[in-house]
Amino acid sequence: ATPTSLMVGSGMGAQRGILIRNGEAIQTMKDVNLIAFDKTGTLTRGTPEVTEVISTDEVTSQEILFAAASVERSSEHPLAGAILAAAKEHEIELVAPTSFSAQVGKGVTGEVAGHQISVGNRKIINFENLPENLRIRAASLEDEAKTVVFVSRDSRVIGILAISDAIKDDAKDAVEALARHGISTAMITGDNEKTARAVADQLGISHVIAEVLPGGKVSEIERLQEVHKTVAMVGDGINDAPALKQANVGIALGTGTDIAIEAGDITLVRGDVTAVVSAVILSRATFRKIR
Ligand code: ADP
Ligand code: MG
């Protein structure tokens, strides 16, 4: 690119909330064949809320919230924030867990009032102990695009929490616009397959890569690059940073973590998904004639 075209491009980008940190990347953007999106906080608002508390016969929903939130006090995961907010709303007094451990991509475990409490997905509970009615209920909540968190006490599942994170208003239009520009889309998430699929279906994203461990996003980008050659990744989290670096163009949301912003080539200042489309248009308009 000539210095002038790059300057024009950057100036136009700023108006649309696109901050270009690496001039080469905005040039590469015109050649991108596939854009991979993180789910939580990128396609969804990242403000999860507990919508249902479902208990087994042996406990009340208050007891479930007490147990789950007491353990989650020690976690910084966004799901923990949602569970703590629900406990607060129901004016449940929490205790400090006497032990605590977090298991990446699974959930948390701690001792609360003499009981071993685990809170997380199917990987952290004893699946054989999951009552049939809860299993069916969990699957149908996941089909509604909700994330189901299982709560177990001394290895027995005592209930489930359904957590909903609204899809951003502009996400569907943005995905559709990318398709019109001939760009494929994919979603990469640590969340479970069913929930991820339900969110993707609402957006028209057909390629879903779910249950990816935090360290696994890089190799998923590498695999996408083998097929699609030039790949952009859009994300907001600490987990996304290595994948943003691996992608041909790393796009961080300005609403995201500093670590993601540092790793990205481009920052979408306002955190809107539509700005990804603007970046493609801007790149094609600015660099089309340059050989
Ligand atoms: P993501 O942020 O994309 O959901 P993570 O790797 O952080 O990816 O989490 C993957 C999954 O692990 C979550 O969807 C959830 O099921 C479970 N999990 C992780 N941490 C917690 C936690 N503190 N409480 C409950 N579930 C958790
Ligand atoms: Mg995220």
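That block above? That's the structure.
Residues numbered from 1 in each chain as written. Chains lettered and ligands numbered in written order. Predicted model: local features only at pLDDT ≥ 70, side-chain atom pairs only at ≥ 80, totals over all residues.

(A) Inspection of the sheet that holds strand β12 (residues 249-253) at higher detail. Here 7 strands make up an open sheet; going across it, the order is β1-β13-β12-β11-β2-β9-β10 and the pairing mixed. Strands with a single pairing partner mark the edges of an open sheet, and in this sheet they are β1 (18-20) and β10 (207-209). Looking at each pair of strands side by side, their axes are set apart by 20° on average, direction ignored. As judged from the 4 bridges shared by strand β11 (residues 231-235) and β12, these two strands associate in the parallel manner. Across the sheet, the residue bridging to A232 is V249, located in β12. (Pairing = 2+ DSSP bridges. Helix = DSSP H or I, 4+ residues; strand = E, 2+ residues; numbered from the N terminus. Axes fitted to C-alpha atoms, helices over the stretch in contact; angles between N-to-C directions.)

(B) Summary view of the sheet that holds strand β6 (residues 115-120). In space, the 6 strands of this open sheet follow the order β3-β8-β7-β6-β5-β4, with antiparallel pairing throughout. Of all strands in the sheet, those bounded by a partner on one side alone are β3 (49-55) and β4 (99-103). Within this sheet the neighbouring strands show an average axis-to-axis angle of 20°, counted without direction. In this structure, strand β5 (residues 107-112) lies alongside β6, joined through 6 bridges in antiparallel fashion. Its bridge partner being in β6, V108 is matched across the sheet by V119. Packed on one face of the sheet, helix α5 (residues 78-89) meets β3, β7 (147-153) and β8 (156-164) and runs near 70° to β3. (Contact = placed C-beta atoms within 7 Å.)

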